[in-house]
2 protein chains.
Amino acid sequence: MSPQYDVNEQTWIDMARARNGSSISVENVRDFLYHGRQEWLARSRIVSILEHDPVFDKSNRDFLSRTERYERGLAFTNHIFELQHVHNWSEDETKLAISVLDEPLSIGLHNIAFQPVFMQQAGPVLVKKYGHLIAARTIFGCYLQTELGHGTNVSRLETTATFVPATQEFEIHSPTLTSSKWWIGALGKTATHGVVQAKLVLPDGKDAGPHLFFVQLRSLDDHSVLPNITIGDIGPKALAGFAPTDNGFARFNHVRIPKENMLSGFAQVTDEGEYLKPPHAKLSYGGMLYIRANMVTGGGWLIAKAATVSIRYATVRRQGESTSNGFEKQIINYPSVYYRLLPILSRAYMFIQLGRTLTKAFNTMAEGLKKGDTSLLAEMHATTSGLKIYVSTSGVQDLETARRSMGGHGYSAFAGLGRLYADYLPSVTYEGDNFVLDQQVVRSALKSYHQLFSAKTPSVALLSPSSSYLRFLISRPSVAPSLSAQELRDPATAIYLLELRAALIVHEHAQHAADQDASVNQRVSKAVTEAFIAMQVRGMIDGLIALQEKDRVVVTKVFLLFLLTTIEGGLVDLLSFGIFRPLEPGSVATDSTRAIRLTIKQLCEELLPEAIGLTDAFGFTDWELDSALGVHNGKVYEALWNCAQREPLNKTTIPAAYEQSIKHILGRGKAAVFAAQSKL
Amino acid sequence: MSPQYDVNEQTWIDMARARNGSSISVENVRDFLYHGRQEWLARSRIVSILEHDPVFDKSNRDFLSRTERYERGLAFTNHIFELQHVHNWSEDETKLAISVLDEPLSIGLHNIAFQPVFMQQAGPVLVKKYGHLIAARTIFGCYLQTELGHGTNVSRLETTATFVPATQEFEIHSPTLTSSKWWIGALGKTATHGVVQAKLVLPDGKDAGPHLFFVQLRSLDDHSVLPNITIGDIGPKALAGFAPTDNGFARFNHVRIPKENMLSGFAQVTDEGEYLKPPHAKLSYGGMLYIRANMVTGGGWLIAKAATVSIRYATVRRQGESTSNGFEKQIINYPSVYYRLLPILSRAYMFIQLGRTLTKAFNTMAEGLKKGDTSLLAEMHATTSGLKIYVSTSGVQDLETARRSMGGHGYSAFAGLGRLYADYLPSVTYEGDNFVLDQQVVRSALKSYHQLFSAKTPSVALLSPSSSYLRFLISRPSVAPSLSAQELRDPATAIYLLELRAALIVHEHAQHAADQDASVNQRVSKAVTEAFIAMQVRGMIDGLIALQEKDRVVVTKVFLLFLLTTIEGGLVDLLSFGIFRPLEPGSVATDSTRAIRLTIKQLCEELLPEAIGLTDAFGFTDWELDSALGVHNGKVYEALWNCAQREPLNKTTIPAAYEQSIKHILGRGKAAVFAAQSKL
């Protein structure tokens, strides 16, 4: 019954053993993930500078108040720009440094939301006047779209921008409480300027719909808020998330701006107040698609962090079921643990690769847009909507699954995953609420479906890459009611099943357009997106040819695990459409899903010895992970102990609460007992 | 395109209309939920006292640091006891007041973990000496079980209690870093005494396994930590959860306690150091079962809060898809919203009722235990394990689903659900990690299965209530491949399907004991628990006879919605075992799950007009909910605005960060621009 080993010391023994036991070349797989050694080295250099800089120390982060987190975020930002100067970083290197910091900084809104929108949609006059100031951050910008009363439905935004021909100005105004801009990142306390989305009102009273206006918010002399604008921070976020960002509100009271401040890249108002329509209204979607495309890569690396932390902890945590030598079992060896963690690892690999493909496709489209070519826009829109939903939904879930797999200690702030979860959580509702975006994915799928079948001769040639799964409706394949383990080990099987399932569910949905059930959009969107990703995974597996064989074999298994667990997640569809069927028709005692589940288990067990190598290949340092349970050397108990010693409550032995309250609670009891005794 | 209404004003119009539109008697349904008007009035009286007391003001809670939350928690506790004296509350009323506060207070550990364990397991000598001090809280206690290196596997705890015959003492010792007690609620800064779980070591060196010892931790004179004990707080929790609780660590360095301080209710050591086995080792499980049984009721009311807040917000939030009169649609009317929220409401109703049944069953068992009757223990153990898993897993998920349904604003701390989530999250890993507990549920199910089939003639008489679903394996019923809407509207159908599915999955599992897949324990545990709950729901529906007919009809639909969505969640099993089958064998184009999904949608639409009434019936006040989005009058935008004005960052116009950082960031840009211009 007594332990035969030192529990603490065993942690690093187990970690070293796991590290040695991995068969892959961590360096080669890492270079593959970073798309070449150069990128890895570039990142590594920056990480090394930041993690040794005392300004970026993380050891007290979990103890800071929100105001302190906000102030620290700006100190970080300031220091990054100092370092940019010192190290002569390029803008890309500076942005990489910012992204490495793992903090939702206000400057991110300037870089990702404000600057691109301004540069793409401001006309040449405005760009000439302010572009260089924005690039140099003399102007700190924010992007004011969402209002207290409206988010998703942009056409109902209430803020007005009324053209005043007499003075050639626009008057920005918030007519109601609910027209207050709300949730605007960097607005609360930081930004000096903003791009405001407002309803353009023409002199004849006509409402020309939402347009963008460049508005100064604060003085560049002393940072005071300009007259007739009310600005503030909207308060803390749920779960203490996004603490460093000053999401803010703003109300405008008849604020005048020059006519030239309308972002006129895609629409204009003449001096007389006549509205000139944009030639390509959709050109303005570029920025949104850019953000969504980037979310796939970002989500991939975030999931990678969760996989690294949780797999490391599960490797060194031992609990229950003694093995023959008196050692407890490493929890990673429990099916209920590895079955949760290895699929997370597989999604990290998949999303990181998918992000690269998507960024390439985005750049091609953006090049086209510059020339007025909008032909790739619809496809990119459909794809990025589906992937935005998919990466954020599964990312949030994976972060929590990983945290939960660590049992009690996973709930410590020092475990590090709660922090990532809190900051990533809004991704399911921002940049298009996932449940609303689902409709767009479905609409696009139905459009392809109807295009195909409204043709005289439906043919594969009519299908775009993202809808090519519909080819299975032209000539329907026959499917065996169940698949052998060998068939399931072939990635082609899973890809085929996922495409077939998408085709059938879209077909079914199209048949019942008038009489839908309540969750159909979510199911169709998921199926369609998974079919698209499956096709992409086919390309990823083909691309592994660049790796050495032993690495290729392992990484192929990682992708296969992604495919098979995706199949498992779609079993209801596969079964309800009869793609999978109970083996003995009419019998009720045979589980037709057993083969796939056993194949997944088998695959997990083959990957188990590689798990530490596969996570090491992400290349995260301890400073980046900032997790007591995910430390590289495995010494998790020492790390937890050391973290706890820094807790502010531990600075004094007797807490202030003793004099304030505890003493009175105890004393009241004492008095009662004394009174009771004296009655005896 | 312009809105035809005042968005802000419309909120309370919509809320009033929804409230008037409900057909049920809110008072009668509320009395039903509270099991009678008396209980409602008793609670109501206490809520009214607390919410009007300035000490319990919640308006600044989201801005407080963790230390402030801890101190506030103790100030609350102190004031509750002051009020107990003022209002002459009974112990039950005082506990109700504490539970109403909606804060994870350190006193909770004294009340729920420390005191019951002490009173049940300390021998008469110890109880006589300390029982009254504990009851009067002259002693503030905690329960020290979990260690840094061990949680679930109690038999491996490393803390030792070595008997020293010469002095008739035990020596409590932490031999290693990993033997440090960890996570102990109220230990960090508050508790004066604790019950320590330690490995009993006898004079002959024999390890008699974990036992409990009563140990003083801090001086009652000045609250200083006693010699040779190292105590501290373990630091903040993930997502800023459980902030008021001082979860702590403790290391003991050869600390001596009198022999009488061993909790000897169920085991003893003679003066000579001989170990006397407990007559009924399992008697000590009572406390754990009590906590688990209470978790069902607690979870039910918590889910009720999430349902109230989210349904209220969805009723007044309008967005998208204009209706004919120019109004946007109330988001509750979108299928993707009500399909998420109404099942949450149904689970709240179910768990609240189930909690009552369970508490009754627990009390019956506890009465038996006092007389040494352990016959009900195994059944209670199996049941409470499954229900603990089920309520915590679905509760955490429901809180997040409700929060997410509120879109962007749901991520504000002021929405209130993030706070509930953060505090409830550890319930899936504490009191038995859900993934570990699953094994116990499965083990118990298999035991019943083998008992049944090892009998000469398997018969229903062999089955306990919690395993009665196995009767379907004795005579297997035939099942129609699909069910009509009418059949699905009969609760008996769903109950039957859930029991049948549990029987088949247990049977299947028993056939493959040697070759299990990786998630089988989770699936079997869920199926078995859902069968048990389904049976209970049958009783709940029968019990509705006490309600007036119009209320009964509505509440029956609530329970039916629970059953049908549970069926929907179990579709993979129902399909893979062939209970449901595609309508046309061999075809791949017909979804056999359509009927059930449409029935759910239909049921939701029937319940929609009742949703506000059904949530009002929970009886929460605005102070209890503390949610800007869940306010009773529906004025959510005004509430959000008012909350934001209190944000500490808004106390000054120009933040400290301006001088510290922002100025430098902007200035550096200015300098660069100036330098570039002067080069021209």
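Residues numbered from 1 in each chain as written. Chains lettered and ligands numbered in written order. Predicted model: local features only at pLDDT ≥ 70, side-chain atom pairs only at ≥ 80, totals over all residues. Heavy atoms only, no water.

You'll find chain A entered in an unreviewed UniProt entry as Acyl-coenzyme A oxidase, with Hypholoma sublateritium given as the organism. Turning to chain A, the UniProt record has this under Sequence similarities (unreviewed entry): "Belongs to the acyl-CoA oxidase family." (UniProt positions renumbered as here; feature names shortened; annotations may be inferred.)

1. Overview of the overall build of chain A
Secondary structure assignment for chain A yields 22 helices and eleven strands. Relative to a compact globule of 680 residues, whose C-alpha radius of gyration would be 26 Å, chain A shows 28 Å and is just as compact. For chain A, the residues scored as buried account for 62% of the 680 residues in total. Taking all contacts inside chain A whose residues are at least 6 apart in sequence as the whole, residues at least 24 apart take part in 74%. Of the roughly 24,500 Å² that chain A leaves accessible, carbon and sulfur atoms contribute 54%. Side-chain charges in chain A split into 67 positive and 67 negative, and the spacing between the mean points of these groups amounts to 2 Å. (Helix = DSSP H or I, 4+ residues; strand = E, 2+ residues; numbered from the N terminus. Rg over C-alpha atoms; globule rule 2.2 N^0.38 Å. Buried < 20%, exposed > 50% of the residue type's maximum accessible area, 1.4 Å probe, protein only. Contact = heavy atoms within 4.5 Å. Areas by Shrake-Rupley, 256 points an atom, 1.4 Å probe, with all protein chains shown as cover. Lys, Arg positive; Asp, Glu negative; His and termini not counted. Charge placed at Lys NZ, Arg CZ, Asp CG, Glu CD.)

2. Side note on unusual backbone geometry
Positive phi, close to 60 degrees, is recorded for His35(A), a residue that is not glycine. Along the chain, His35(A) turns up in the loop between helix H2 (26-33) and helix H3 (37-51). Even without a glycine there, the phi angle at Asn228(B) is positive, about 65 degrees. Relative to the helices and strands, Asn228(B) resides in the loop between strand E6 (207-216) and strand E7 (229-233).

3. Quick word on the packing of helix H8 (residues 286-316) of chain A against helix H10 (residues 377-405) of chain A
Residue and element names in this part refer to chain A. It is at 8 Å that the axes of H8 and H10 come closest, and there the two elements cross at 20 degrees. Regarding the angle of H8 to H10, the classification is roughly parallel. Between H8 and H10 the crossing geometry is left-handed. Of the residues assigned to the contact of H8 with H10, the class counts are 14 nonpolar, eight polar and three charged. (Axes fitted to C-alpha atoms, helices over the stretch in contact; angles between N-to-C directions. Parallel < 35°, antiparallel > 145°, perpendicular 65-115°, else oblique. Left-handed = near helix turned anticlockwise from the far one by under 90°. Nonpolar A, V, L, I, M, F, W, Y, C, P; charged D, E, K, R; others polar.)

4. With respect to the UniProt feature "domain: Acyl-coenzyme A oxidase N-terminal" (unreviewed entry) in chain A
Here the UniProt feature "domain: Acyl-coenzyme A oxidase N-terminal" (unreviewed entry) sits at residues 26-137 of chain A. The span residues 26-137 of chain A carries 74% helix and 0% strand; its end-to-end C-alpha distance comes to 40 Å.

5. A look at the relation of the copies chain A and chain B
Between chain A and chain B, the superposition needs a rotation of 180 degrees and an axial shift of 0.0 Å, giving an RMSD of 0.0 Å. What we have between these two chains is a two-fold relation. Of the interface residues in chain A, 100% have counterparts in chain B that sit at the interface too, so the contact is made through matching surfaces. (Least-squares fit on C-alpha atoms with pLDDT ≥ 70 in both.)

6. Some details on the interface of chain A and chain B
In this assembly, 163 residues from chain A lie in contact with 163 residues from chain B. Here chain A and chain B share an interface that buries about 13,700 Å² over both sides, 62% of which is from carbon and sulfur atoms. The tally of links between chain A and chain B comes to six salt bridges. Arg594(A) is the partner of Asp515(B) in a salt bridge, and the nearest nitrogen-oxygen pair spans 3.4 Å. Counting the contacts that link chain A with chain B gives 52 residue pairs in polar contact (both at pLDDT 80 or more). Here the element with the most residues in the side of chain A that touches chain B is helix H22 (residues 656-679) of chain A; it accounts for 14 residues. (Buried area = accessible area lost by both parts, 1.4 Å probe. Salt bridge = Lys/Arg side-chain N within 4 Å of Asp/Glu carboxyl O. Polar contact = N/O pair within 3.5 Å; in protein donor to acceptor, adjacent residues only side chain to side chain.)

7. Brief notes about the sheet that holds E7(B)
Across a sheet, paired strands are connected by hydrogen bonds in the backbone, their directions being either parallel or antiparallel. Taking strand neighbours across the sheet as the criterion, the three strands line up as E4-E8-E7 (chain B) in an open arrangement whose pairing is antiparallel. One side of each edge strand has no neighbouring strand; the edge strands of this open sheet are strand E4 (181-184) and E7 of chain B. Direction aside, the axes of adjacent strands within the sheet are offset by 20 degrees on average. Lying on the sheet, helix H21 (residues 636-645) of chain A is in contact with E4, E7 and strand E8 (248-252) of chain B; it crosses E8(B) at an angle near 110 degrees. (Pairing = 2+ DSSP bridges.)

8. Looking at the side chain of Ser525(B)
Residue and element names in this part refer to chain B. Inspection of the secondary structure puts Ser525 in helix H15 (residues 520-543). Within the local environment of Ser525, its side chain forms a polar contact with the side chain of Asp438, the two groups lying 2.6 Å apart. Dropping the residues within four chain positions of it, Ser525 is found in contact with Ile389, Asp438, Val441 and Val442.

9. Considerations on the nonpolar core
Counting residues in each nonpolar core, the largest one holds 312 residues, and the members touching the most others are Tyr349(A) and Tyr349(B). In this structure Tyr349(A) touches Val29(A), Leu33(A), Val555(A), Val558(A), Phe559(A), Leu614(A), Ala617(A) and Phe618(A), once residues within four positions along its chain are discounted. (Core = buried A, V, L, I, M, F, W, Y, C linked by side-chain atoms within 4.5 Å.)

10. Focus on the UniProt feature "active site" (unreviewed entry) in chain A
All names here are of chain A. If you check UniProt for "active site" (unreviewed entry), the listed places come out as Glu431 in our numbering. Within the secondary structure layout, Glu431 lies in the loop between helix H11 (417-424) and helix H12 (434-454). Aside from chain neighbours lying at most four places away, what touches Glu431 is Met288, Ile291, Arg292, Met295, Lys388 and Leu437.

11. Quick word on the environment of Ala494(A)
All names here are of chain A. Locating Ala494 in the fold gives a position in helix H14 (residues 491-511). Classification of Ala494 by relative accessible area gives buried; the value is 1%. A C-alpha to C-alpha distance of 30 Å links Ala494 and Tyr290, two positions 204 residues apart in sequence. Leave out the neighbours within four places in its chain, and Ala494 touches Leu563, Leu564 and Ile567.

12. Overview of the pattern of salt bridges
Under the defined criterion, the tally for this structure stands at 79 salt bridges over all chains. The shortest N-O distance in the salt bridge between Lys557(B) and Glu606(B) comes to 2.9 Å. Here the residue Lys557(B) occupies a position in helix H16 (residues 549-569), and Glu606(B) occupies one in helix H18 (residues 594-607), the gap between them amounting to 49 residues. In this structure Lys557(B) comes out as partly exposed when scored by relative accessible area, which is 21%. Put simply, Arg61(A), Asp62(A), Arg69(A), Arg72(A), Asp102(A), Glu103(A), Lys305(A), Arg419(A) and Asp626(A) are held in one network by salt bridges that share partners.

13. Description of the sheet that holds strand E7 (residues 229-233) of chain A
In spatial order, the strands read E4-E8-E7 (chain A); together these three strands make up an open sheet with antiparallel pairing. In this open sheet, the two strands that pair with only one neighbour each are strand E4 (181-184) and E7 of chain A. Averaged over all neighbouring strand pairs, the angle between strand axes comes to 20 degrees, with direction disregarded. Here five bridges tie E7(A) to strand E8 (residues 248-252) of chain A, and the two strands are oriented antiparallel to one another. What sits directly across from Ile231(A), in E8(A), is Ala250(A). Strands E4, E7 and E8 of chain A of the sheet are contacted by helix H21 (residues 636-645) of chain B, whose axis makes an angle of about 110 degrees with E8(A).

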